[in-house]
Amino acid sequence: MHSILLKNCNHRLCLPHKPQQIVEFQQNIKQFSCLLKSTNSSNNSIPLSSLFKKEQVTQTNCTFDVHLLDNGCRQFRDYSINFNKSSGDNFEVPRFFSDLIKRNCRKFSNKMAPILAPTVKLNNGYEMPIFGLGTYELKKQKCENAIREALKIGYRHIDTAYLYRNEMLIGKILKETFEENTIKREELFLVTKLWCTYHESKMVKYACKKQMEALNVQYIDLYLMHSPIGYKYEDDEALMPHKEDKLQTNDIDYVDTYKAMEELVALGWVRSLGLSNFNTQQMQRILDNCQIKPVTNQVELHPALNQHNMRTFCKQHDIYVTAYSPLARPKPSKPLPLFYESEDLKKIAEKYGKTKAQIVLRYLIDIGTVPIPKSSRPERLLENINIFDFHLSSAEIAIMNSFDTGLRLWRNEMAKFHQYWPFNED
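In this text the structure is predicted, and so the values were computed from the model without any measurement.

Another point: the overall build of the protein chain. Scanning the protein chain for helices and strands turns up 13 helices and 15 strands. Here the protein chain, with 426 residues, has 54% of them falling under the buried criterion. Of the contacts formed within the protein chain by residues at least 6 apart in sequence, a portion of 75% connects residues at least 24 apart.

So, in structure tokens, the structure goes:
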């Protein structure tokens, strides 16, 4: 009796450890002997039926070799299928077997155990998941579906903003979720942002209350100042007020805006404060003049812009860096950055059985940042968060660091004339 070792080389495919599902899955695998007689290996195009005669396939005994993930999900790595075969060594048919697993994973996808990201303790004692869902440009039904699916998969860190115009859509799904008691409010880390038209101190409380009502929550876990630059307020719908093709800004000091945001903490409306798109000099002014230390600065960060100086500054002050546009592709229509063509990145991905995008996201976590990739596709939502079963080595992190070219995708050029435009440090 010899065995053929079948490896699941796609490690993001997994099933929850529930006995009945394992039995059903095992029964499905037992049909493999029949498939062997008529199926070719997509890996090497060699007919599997040519490796042994039909009468030699007389028995299939499935032996599970599984890996227990941190989230409690059992990941099926190997199956040893025993055949009554007179000779031959173990061999792999990874793609074929991965497809077989994938079909079964679809069957049980609605029952899959959630993949929960680890948390970190912020400088004020609250916990924040180190991985979140970005929601920029998620609109209408696509937004609702994405939030609903993300929560089911295991996302517990949701990032939005007044600018995104989807807070009410997100609030609708949160209300449903809390009422169904599938997730409790205290299990969710909700982030939103004060928009630039509300920088005047008297407008801060008004804006925050409006956002809490839209989100259907009694408090916001993390409230960020979206930018150090204030825009002229015209009405709640005018997000980018222009006059004669010029952005209408104001000279309100962001320090004064931040002090007004501190009052929200005292009211219990907000638990933590943070910044977004601030440079290190502007952050230092906040630290020097305010009472409540920001817990994060949310900036564009990816392998082509790894923000080494910003990360160093924030680490010195016990402030986390949140990475938006972590995959360096804010829109599907945009071309991928050159680092995705790297043979080194390809080899790292192959080593861990992951996609290039998963390696990028793991890299951002391994250098101490909190990535918040955006997606509306269920399979991509699952892929993005399924990165907590491996770590990159120091040598691999060095390779990823080498992709840094200073490529910045977001510069807010229309406000470049403003004294608080944050990208002068570039």
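What follows concerns helix H7 (residues 254-267). Taking 1.5 Å of rise per residue, the 14 residues of H7 would be expected to cover 20 Å, and the 20 Å separating its terminal C-alpha atoms lies within 8% of that figure. Among the residues making up H7, those that are buried are Tyr 254, Val 255, Thr 257, Tyr 258, Ala 260, Met 261, Glu 262 and Leu 264. For H7, the elements touching its buried residues are strand S8 (189-194), helix H6 (201-215), strand S9 (220-225), strand S12 (270-276) and helix H8 (280-289). Where H7 begins, the side chain of Asp 253 points an oxygen toward the backbone nitrogen of Val 255, at a separation of 2.9 Å. Residue Gly 268 follows H7 closely and has a positive phi angle near 85 degrees.

A separate point is the packing of helix H10 (residues 343-352) against helix H13 (residues 394-401). Contact geometry of H10 with H13 gives a least axis separation of 10 Å together with a crossing angle of 145 degrees. Between H10 and H13 lies a crossing whose hand is left-handed. Here Asp 344, Leu 345, Ile 348, Lys 351 and Tyr 352 of H10 come into contact with H13, specifically with Glu 396, Ile 399 and Met 400. Tallied by class, residues from the contact of H10 with H13 come to five nonpolar, no polar and three charged.

Before going further, it helps to examine the nonpolar core. Residues Phe 131, Tyr 155, Tyr 223, Ile 359 and Leu 392 are the most contacted members of the largest nonpolar core, which totals 103 residues. With seven residues, helix H11 (residues 356-366) is the single largest residue contributor to this core. Leaving out residues up to four positions away in the same chain, Ile 359 has contacts with Leu 345, Ile 348, Ala 349, Tyr 352, Lys 354, Phe 390, Leu 392 and Met 400.

Applying the stated rule across the entire model yields 14 aromatic pairs. Summarising the aromatic geometry, the rings of Tyr 162 and Tyr 198 are spaced 5.4 Å apart at their centres and angled 90 degrees between planes, so their arrangement reads as edge-to-face. Here Tyr 162, found in the loop between strand S7 (157-159) and helix H5 (167-180), pairs with Tyr 198, found in the loop between S8 and H6; they are 36 residues apart in sequence, far enough to count as distant. Each member of the pair, Tyr 162 together with Tyr 198, is buried. An aromatic cluster of three or more residues is present, and its members are Tyr 162, Tyr 198, Tyr 206 and Tyr 233. Against the face of Phe 417 rests Lys 246, its NZ or CZ located 4.7 Å from the ring centre.

The next subject is the pairing of strand S14 (residues 320-324). In terms of burial, S14 is largely enclosed, as four of its five residues are buried. As paired elements, strand S13 (residues 296-300) and S14 share five bridges and run parallel to each other. Each residue of the ladder has a partner; that of Thr 296, found in S14, is Tyr 320. For the crossover from S13 across helix H9 (residues 308-316) to S14, the handedness is right-handed. Sheet topology note: the S14/strand S15 (residues 370-371) ladder contains two bridges and is parallel. Bridge pairing in S15 places Ala 323 opposite Pro 371.

Of all six residues that make up S9, six are buried, and the element is covered over most of its length. Pairing between S8 and S9: four bridges, direction parallel. Paired with Thr 192 across the two strands is Tyr 223, which belongs to S9. Taking the sense of rotation as the criterion, the β-α-β connection linking S8, H6 and S9 turns out right-handed. Here S9 runs beside S12; their pairing, made up of five bridges, is parallel. Bridged to Ile 220 within S12 is Val 270.

Calculation rules
Residues numbered from 1 in each chain as written. Predicted model: local features only at pLDDT ≥ 70, side-chain atom pairs only at ≥ 80, totals over all residues. Heavy atoms only, no water. Helix = DSSP H or I, 4+ residues; strand = E, 2+ residues; numbered from the N terminus. Buried < 20%, exposed > 50% of the residue type's maximum accessible area, 1.4 Å probe, protein only. Contact = heavy atoms within 4.5 Å. Expected span 1.5 Å × (residues − 1). Polar contact = N/O pair within 3.5 Å; in protein donor to acceptor, adjacent residues only side chain to side chain. Axes fitted to C-alpha atoms, helices over the stretch in contact; angles between N-to-C directions. Left-handed = near helix turned anticlockwise from the far one by under 90°. Nonpolar A, V, L, I, M, F, W, Y, C, P; charged D, E, K, R; others polar. Core = buried A, V, L, I, M, F, W, Y, C linked by side-chain atoms within 4.5 Å. Phe/Tyr/Trp six-rings, centres within 6.5 Å; stacked < 30°, edge-to-face > 60°. Lys NZ or Arg CZ within 6 Å of the ring centre and 35° of its normal. Pairing = 2+ DSSP bridges. Right-handed = clockwise from strand over helix to strand, strands pointing away.

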